[in-house]
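Residues per chain are reported as follows:
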Amino acid sequence: MTLLLMALMVTGLHAQSKSDLPNVTLKDLNGKNVNIAKLTNNGKPIVLTFWATWCGPCIKEHNALNDVYADWQDETGVKIYAVSIDDSRSTAKVKPTVEGKGWDFEILLDVNSDLKRAMNVSNPPHTFLFDGNGKLVYQHTGYIEGGEDELYEEILKLAKKK
Amino acid sequence: MLALALASGFKAGAQSFVDNSQMNGSFQTDAQYYMLDKGIDITHLENGKKLGINGFGKINYTNGNFSAGMRFEAFLPEMNGFRSELNGVGLANFFATYDNGFVGMTVGDIYDQFGSGLVFRTYEEWSLGMDNALRGARVVLRPAQGITLKGVYGRQRYYWAAYHNRNMSNSEYRGIVRGVDAEWDLNQSIPALNESKFRMSLGGSFVSKSQDTTIVNSLFYRIPVNVGAAAGRINLGYGNWAFSTEYAHKINDPSAINNFIYKEGQALMASLGYSQKGFGAVIQVKRIDNMSFKSNYTGKENDFDINFIPPINYTHTHSLPSMYTYSTQPNGEMAAQLQVNYTIPKGTALGGKYGTKLAFNMSQVNDIVRDSVMYNGQLVLNKKGTTGYSSKFFAVSDHRFFRDINFEVDKKISKDWHLTAQYINLYYDMETIEGHAGTPPVRANIGFMDVTYKINKKQSLRIELQGLWENKIHQGYHVNESEKKDYQKRGHWAAALVEYSINPHWSFSIADKWNYGNPVEEYRDHYFSGTISYIHEATRVMLTAGRQSEGVVCVGGVCRTVPASSGVTLTVSTSF
């Protein structure tokens, strides 16, 4: 009996775990609450990128992502959420910066770094890719020119699996 | 049979339990090896220290509505420029949270903030060695859609100091902090407003500290046992417009920072923004008067801070523009800031094929005006034990602390070339901000150019050129022998960096910073360094060798001075 129980437990342990999106609530640019655990994209991939208005490489990465975003959406249906970790000294600048630069991503505000801590981000930029079920499949820290190409290869892999 | 049924029931329970279990974590180590370097005047090692290591490891566990985590820290010993109180090893932070959306409860070390933080903010900033987490409990209630109520209670972290009253020495004492906050988002709670163009939310907080009034026994002043601070805030939006403001008031709170005066404190922040695709502008104003709020009234600098006074000026990231960074003056400041972002559309003469991104920013900070008050029939100003001064709310002093006017162009020239250039005009009152009495202010023009060339799909080259030119202080300026130390980084600077990257893993760079126009000849030094960095997914390894100039590292208006050094730095970080 004990053996059976243990065997059953082991099967339990090997079961596929559910969403990796943490239960943290942030605000969007209109002040609306958004629970990260409930983010969905009709089964298509989701990208979360951490950035800040004062982070040079982040701005570069987002400019580069924005240039290709429309194509990526057409080809894979991916949705990008750009999580700003700006605190109260610069939250008022986030919206004008985003609009002024013409970015098309969904913007979320992580004013006191709650999501940053929950997802173990040390320094921005830090990019996460989730599949349609919220399972984390890829992450990358830092930005090197052309880094978006590698991210896109991973997104394509997910899109093909479908 | 029964046993089997039980076992399968247990299995089902265990399975969903295990299914929902998640672990993640991160780890980082920064290590520095210090060497003597007569060229930049390092003739002895600080405290004879050859090696400094800062490290942490943290683990988070989540299971549905439950989460818990802990962080271990080690400073063996701390790197130069970090506070010596950090020296040590231990479990610095732990917490457990249950949150089902209606009610949330956290026990342990809490990071939270009310509004913009004017009366309460606890946070952690690894690069500064700063952590003022509140050890205690927090309750969050969301009784109806759009309404959030919060309560916190506890004692703050002070490096490795004990949390028990009886084990605390006066220099490590922290009073009990209690706070409540309420926020009401009208758009979420009133169905008719759900999709409205008009947006509104209101919030209010109250925070008090309860302190031992005998930690400075020489005082004959009566220190208040309880000090309360309250704040109210409004966020309004209509279409492309956004307005927000917060006002905070604190009762009398004599402290070492305000020279033990009994004046009440005030803070006001407001911002107005307009944005549409391709254009964004925001104007911000701020008034701070006697708003340092600490859980130990003898604390200096940022120790024991309960609140956070956000600086609103532009944050520079390149090395020369960020050399003179403003830090908040909690005793009083009047500040204003304007930022405009504009993208010249694609396909126009100036926009070219990819569009051109422009940014303009101007910020200025002045002192508040302080008038003398009557005390025992005499006019006194900022005298210990009195109400200190009176201050007209909208009056701005002629004493300017800081001004930054800058203009940036960001342009993708072709498929392979990218250019960013910025011009900055800077005024920096070194005497006030850094506390070097008698040193003249920095008035400088700064420029940089950052060019990236994509060699092919994998490789790229980046070149950075920067210059900082002071208006008055340069080669010809006479410095008295006795004041030499205050001029260590003054005068003209030039800097260059070349970086070669192979996507996605490698990057190599060499850089030089040269203080060629320092008024003191022996300070006209080169600061050469080389860096190799390797990134694999969420793991980063970085090795830097060379000289580091004396400077200030600032995050969020909180700054840490880094002494000049020579040696090797290794950073390893990963998360999973």
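Remember, predicted model here, so these are calculated numbers, not experimental data.

About the cut-offs
- Residues numbered from 1 in each chain as written.
- Chains lettered and ligands numbered in written order.
- Predicted model: local features only at pLDDT ≥ 70, side-chain atom pairs only at ≥ 80, totals over all residues.
- Helix = DSSP H or I, 4+ residues; strand = E, 2+ residues; numbered from the N terminus.
- Buried ≥ 20, exposed ≤ 12 C-beta atoms within 10 Å, placed from the backbone.
- Contact = placed C-beta atoms within 7 Å.
- Rg over C-alpha atoms; globule rule 2.2 N^0.38 Å.
- Nonpolar A, V, L, I, M, F, W, Y, C, P; charged D, E, K, R; others polar.
- Pairing = 2+ DSSP bridges.
- Axes fitted to C-alpha atoms, helices over the stretch in contact; angles between N-to-C directions.
- pLDDT = per-residue confidence, 0-100.
- Expected span 1.5 Å × (residues − 1).
- Arc of directions from axis to C-beta.
- Right-handed = clockwise from strand over helix to strand, strands pointing away.
- Parallel < 35°, antiparallel > 145°, perpendicular 65-115°, else oblique.
- Left-handed = near helix turned anticlockwise from the far one by under 90°.

Enquirer: Can you break down the overall build of chain A residue by residue, with the values?
Expert: Assigned secondary structure in chain A consists of five helices and seven strands. Split into buried and exposed, the 162 residues of chain A put 51% on the buried side. Intrachain contacts of chain A at a sequence separation of at least 6 include 69% that bridge at least 24 residues.

Enquirer: Report on the overall build of chain B, specifying residues and quantitative values.
Expert: Counting its regular elements, chain B contains three helices and 30 strands. Computed over C-alpha atoms, the radius of gyration of chain B comes to 27 Å, within 12% of the 25 Å expected from 2.2 N^0.38 for 576 residues, which places it in the range of a compact globule. Considering chain B as a whole, with its 576 residues, one finds that 37% of them fall into the buried category. By sequence separation, contacts in chain B at least 24 residues apart represent 58% of the contacts at least 6 residues apart.

Enquirer: Explain the environment of Lys263 of chain B to me, using residue names and the numbers behind them.
Expert: Residue and element names in this part refer to chain B. Counting through the fold element by element, Lys263 comes out in the loop between strand E13 (241-250) and strand E14 (265-276). Along the chain, Lys263 and Tyr389 lie 126 residues apart, while their C-alpha atoms are 7.4 Å from each other. If sequence neighbours within four positions are ignored, Lys263 has contacts with Asn252, Asn290, Thr387, Gly388 and Tyr389.

Enquirer: Go over the interface of chain A and chain B, please, and point to the residues and values.
Expert: Counting residues at the interface gives 49 residues for chain A and 69 residues for chain B. Secondary structure elements with two or more residues in the side of chain A that touches chain B: helix H1 (2-14), helix H3 (91-100), strand E7 (136-141) and helix H5 (147-161) of chain A. A total of seven residues in the side of chain A that touches chain B trace back to one element, the largest contributor, which is H3 of chain A. When grouped by side-chain class, the residues that make up the side of chain A that touches chain B number 15 nonpolar, 22 polar and twelve charged.

Enquirer: A description of unusual backbone geometry should follow, citing residues and the corresponding values.
Expert: Residue Pro77 of chain B follows Leu76 of chain B across a cis peptide bond; omega there is -20°. On the secondary structure map, Pro77 of chain B appears in the loop between strand E3 (66-75) and strand E4 (88-99). Omega for the peptide link from Asn503 of chain B to Pro504 of chain B comes to 0°, which places this bond in the cis form. Tracing the chain through its elements places Pro504 of chain B in the loop between strand E24 (492-502) and strand E25 (506-517). Unusually for a residue other than glycine, Asn42 of chain A sits at a positive phi of about 50°. With respect to the helices, strands and loops of the structure, Asn42 of chain A is situated in the loop between strand E2 (33-35) and strand E3 (46-51). Residue Asn42 of chain A is classed as exposed on the basis of its 7 C-beta neighbours within 10 Å.

Enquirer: Could you give me a rundown of the environment of Leu21 of chain A, with the residues and numbers involved?
Expert: Residue and element names in this part refer to chain A. For Leu21, the location among the structural elements is in the loop between H1 and strand E1 (25-28). For the pair Leu21 and Val68, spaced 47 residues apart in the sequence, the C-alpha separation amounts to 25 Å. Not counting chain neighbours up to four residues away, the residues in contact with Leu21 comprise Ile36, Ala37, Leu39, Phe130 and Gly134.

Enquirer: Tell me what's going on with the sheet that holds strand E5 (residues 106-109) of chain A, and back it up with residues and numbers.
Expert: All names here are of chain A. The seven strands lie next to each other as E2-E1-E5-E4-E3-E6-E7, forming an open sheet whose pairing is mixed. Two strands lie at the open edges of the sheet, namely E2 and E7, each paired on one side alone. On average, each strand axis in the sheet is inclined to that of its neighbour by 30°, with strand direction left out of account. Alignment of E3 against strand E6 (residues 126-130), held across five bridges, turns out to be antiparallel. Paired with Leu48 across the strands is Phe128, a residue of E6. Packing of H5 onto the sheet brings it into contact with E6 and E7, and relative to E7 it is tilted by some 180°.

Enquirer: Hey, could you go over H3 of chain A for me, with residue numbers and the actual values?
Expert: Among the ten residues in H3 of chain A, ten count as buried, and that is most of the element. Regarding H3 of chain A, the residues found buried are Thr91, Ala92, Lys93, Val94, Lys95, Pro96, Thr97, Val98, Glu99 and Gly100 of chain A. Looking at the buried positions of H3 of chain A, the neighbouring elements they touch are strand E4 (79-84) and E5 of chain A together with E13, E14, strand E15 (279-289) and strand E16 (332-344) of chain B. One or two steps after H3 of chain A, the chain reaches Gly102 of chain A, where phi turns positive at roughly 75°.

Enquirer: Summarise the confidence of the model for chain A; cite the residues concerned and give the values.
Expert: Residues and elements named next belong to chain A. The pLDDT averaged across chain A works out to 86; a share of 88% of its residues lies at or above 70. At the low end of the mean pLDDT range in chain A sits H1, at 42; at the high end sits E4, at 97. With pLDDT under 50 throughout, residues 1-17 is counted as low confidence; its partners more than four residues away or in other chains account for 16 contacts.

Enquirer: Lay out H5 of chain A with the relevant residues and their values.
Expert: All names here are of chain A. Taking 1.5 Å as the rise per residue, H5 with 15 residues should run 21 Å; its terminal C-alpha atoms sit 22 Å apart, in good agreement. Within the span of H5, buried status applies to Gly147, Glu148, Leu151, Ile155 and Leu158. Burial along H5 is one-sided: seen end-on, the buried residues are contained in an arc of 85°. Turned more than 90 degrees away from the buried face of H5 sit Glu153 and Lys160, all of them exposed. Buried residues belonging to H5 abut helix H2 (56-76), E6 and E7.

Enquirer: Could you give an account of the pairing of E5 of chain A, with specific residues and numbers?
Expert: Residue and element names in this part refer to chain A. By the bridge criterion, two bridges tie E1 to E5 in an arrangement that is antiparallel. For Asp28, the partnering residue across the bridge sits in E5 and is Leu108. Pairing geometry for E4 and E5, over four bridges, is parallel. In the sheet register, Ser84 faces E5, and the bridge partner there is Leu109. Where the polypeptide runs from E4 across H3 and back to E5, its parallel neighbour, the crossover connection is right-handed.

Enquirer: Break down the packing of H2 of chain A against H5 of chain A for me, with residues and values.
Expert: Residue and element names in this part refer to chain A. Orientation of H2 relative to H5, taken along the N-to-C sense of each, is 20°, at an axis distance of 11 Å. With respect to each other, H2 and H5 are oriented roughly parallel. Where H2 crosses over H5, the two elements pack in a sense that is right-handed. Contact residues: H2 offers Glu61, Ala64, Leu65, Val68, Trp72 and Thr76, while H5 offers Gly147, Glu148, Tyr152, Ile155, Leu156 and Ala159. When its residues are assigned to classes, the contact of H2 with H5 shows eight nonpolar, two polar and two charged.

Enquirer: Would you mind going over the pairing of strand E10 (residues 176-185) of chain B in detail, with residue names and values included?
Expert: All names here are of chain B. Taking every second residue as pointing to the same face, the buried face of E10 carries Val177, Gly179, Asp181, Glu183 and Asp185, while none of Ile176, Arg178, Val180, Ala182 and Trp184 on the other face is buried. Across eight bridges, the pairing between strand E9 (residues 147-156) and E10 is antiparallel. The partner of Ile147 across the bridge, within E10, is Trp184. Taken together, the ten bridges between E10 and strand E11 (residues 198-210) define a ladder with antiparallel strand orientation. Within the sheet, the bridge partner assigned to Asp181 lies in E11 and is Ser205.

Enquirer: For the environment of Asp99 of chain B, give the residues involved together with the corresponding values.
Expert: For Asp99 of chain B, the location among the structural elements is in strand E4. Classification of Asp99 of chain B as partly exposed rests on a count of 18 C-beta atoms within 10 Å. Taking the C-alpha atoms as reference, Asp99 of chain B lies 9.4 Å from Val139 of chain B; in sequence the two are 40 residues apart. Look past the residues within four positions of Asp99 of chain B in its chain and what remains in contact with it is Asn23 of chain A together with Asn65, Gly104 and Val140 of chain B.

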